[in-house]
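# Working through the structure, step by step
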Amino acid sequence: MNRAQKAAWWVVVTTLLALTVSLIVFCILYTKVEFARAMRLGFACMGLVGLSGLAPIIFKKDKGKVKFDERDKIINIKAGRAGFGVSYGVFGLLSMTIWGIVGAGNTINVDILPLVWVAAFISTFFTHSVATLILYGRGGER
């Protein structure tokens, strides 16, 4: 398994861990406090996704003459496009959902807007990592 695959697995695991912790916190707090506060505190746990940024420190560069070839470059480009596409879809879906719930002519709390951006941001890196793993295939042998 090369460095890109290890980093992709790290992002997938940390994102799923953060999502699980976030949902658990939300479910526990929902029974004790109002919905809005439980949602904010649960979503705050998504900050654990920031641990995925440690991948370049944890996984050192591969040893050998060739560290990054044309195949790796193509996979990275395709995974980036997939991440962008899903992020664009998440942003659009969340925007339209909020508009549908709130309705035209009404106002929303501005605290929701950064949450939409963060959700789209997280989906970009998660999708990029999943696409990287899919494009490399199961073996990962070079």
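Numbering of residues begins from 1 in every chain and follows the order in which that chain's sequence is written. Only residues with pLDDT of 70 or above have their local features reported here, since the model is predicted, and side-chain atom pairs are shown and tallied only from 80 upward, although totals for entire chains, interfaces and linings are computed over all residues. With hydrogens and water excluded, all non-hydrogen atoms of the structure serve as input to the side-chain values.

## So, a nonpolar patch on the surface
To be explicit about the condition: To count toward a patch, a residue needs a relative accessible area over 30% and no salt bridge; like charges are then connected within 9 Å, while nonpolar side chains (Val, Leu, Ile, Met, Phe, Trp, Tyr) are connected within 5 Å. To measure how exposed things are, a 1.4 Å probe is used in the Shrake-Rupley method; for residues, cover is taken only from the protein chains shown. Throughout this description, the term salt bridge denotes a Lys or Arg side-chain nitrogen within 4 Å of a carboxyl oxygen of Asp or Glu. Strands here are runs of E lasting at least two residues and helices are runs of H or I lasting at least four, both read from the DSSP assignment and numbered beginning at the N terminus. The cut-offs for exposure are 20% and 50% of the maximum accessible area for each residue type, with area from a 1.4 Å probe on protein chains only; residues under the lower value are buried, those over the upper are exposed, and the others partly exposed.
A surface patch of nonpolar side chains, amounting to about 410 Å² of accessible area, comprises Leu48, Leu51, Leu54, Ile57 and Ile58. Tracing the chain through its elements places Ile57 in helix 3 (residues 55-58). Residue class for Ile57 comes out exposed when judged on its relative accessible area of 56%.

## Some thoughts on the layout of surface pockets
Note the threshold: Cavity: a set of points on a 1 Å grid over the protein atoms alone where a 1.4 Å probe fits but cannot get out. Pocket: an open set with protein on both sides within 12 Å along at least five of seven lines, its lining residues, like those of a cavity, having an atom within 4 Å of a point. Grid points are joined across faces, edges and corners, and a volume is the space filled by probe spheres set on the points. The residue classification treats Ala, Val, Leu, Ile, Met, Phe, Trp, Tyr, Cys and Pro as nonpolar and Asp, Glu, Lys and Arg as charged. All others, Gly included, are polar.
Space inside the largest pocket adds up to approximately 870 Å³. Contributions of two or more residues to the lining of the largest pocket are made by helix 1 (3-30), helix 2 (35-44), helix 4 (70-102) and helix 5 (112-136). For the lining of the largest pocket, a count of residues per class yields 20 nonpolar, five polar and two charged.

## Let's talk about the packing of helix 1 against helix 5
The line we're drawing: Only C-alpha atoms enter the line fits that serve as axes; for helices the fit covers just the stretch in contact. Angles between N-to-C directions range over 0 to 180 degrees. Working rule for angles: under 35 degrees goes down as roughly parallel, over 145 as roughly antiparallel, 65 to 115 as roughly perpendicular, anything else as oblique. Put simply, a crossing is left-handed when the front helix is turned counterclockwise from the back one by less than a right angle, and right-handed when it is turned clockwise. Note on contacts: a residue pair is in contact if any heavy atoms of the two residues lie within 4.5 Å.
Here helix 1 crosses helix 5 at 135°, and the two axes come no closer than 9 Å. Overall, the two elements helix 1 and helix 5 adopt an arrangement that is oblique. Relative to helix 5, the crossing made by helix 1 is left-handed. Contacts between helix 1 and helix 5 involve Ala4, Gln5, Ala8, Trp9, Val11, Val12, Thr15 and Leu16 from the first element and Ile122, Phe125, Phe126, Ser129, Val130, Thr132, Leu133 and Tyr136 from the second. When grouped by side-chain class, the residues that make up the contact of helix 1 with helix 5 number twelve nonpolar, four polar and no charged.

## Notes on the packing of aromatic side chains
Note the threshold: Side-chain rings of Phe, Tyr and Trp (the six-membered ring for Trp) are treated as a pair once their centres are within 6.5 Å; stacked means planes under 30 degrees apart, edge-to-face means over 60, and tilted covers the remaining angles.
One pass over the structure, following the stated rule, counts seven aromatic pairs. Ring geometry for Phe26 versus Phe35: centroids 5.7 Å apart, planes at 90°, classification edge-to-face. Of the aromatic side chains, those joined through ring pairs into one cluster are Phe26, Tyr30 and Phe35.

## Regarding the packing of helix 4 against helix 5
When two helices pack together, you describe them by how their axes are tilted relative to each other and by the distance separating the axes. In the contact formed by helix 4 and helix 5, the axes pass within 7 Å of each other and the chain directions differ by 150°. With respect to helix 5, the axis of helix 4 lies roughly antiparallel. By crossing handedness, the relation of helix 4 to helix 5 is classed as right-handed. Counted by class, the contact of helix 4 with helix 5 contains 15 nonpolar, ten polar and three charged residues.

## What to know about the side chain of Ser129
Along the chain, Ser129 falls in helix 5. With residues near it in sequence (within four places) discarded, Ser129 still touches Ala8, Val11 and Val12.

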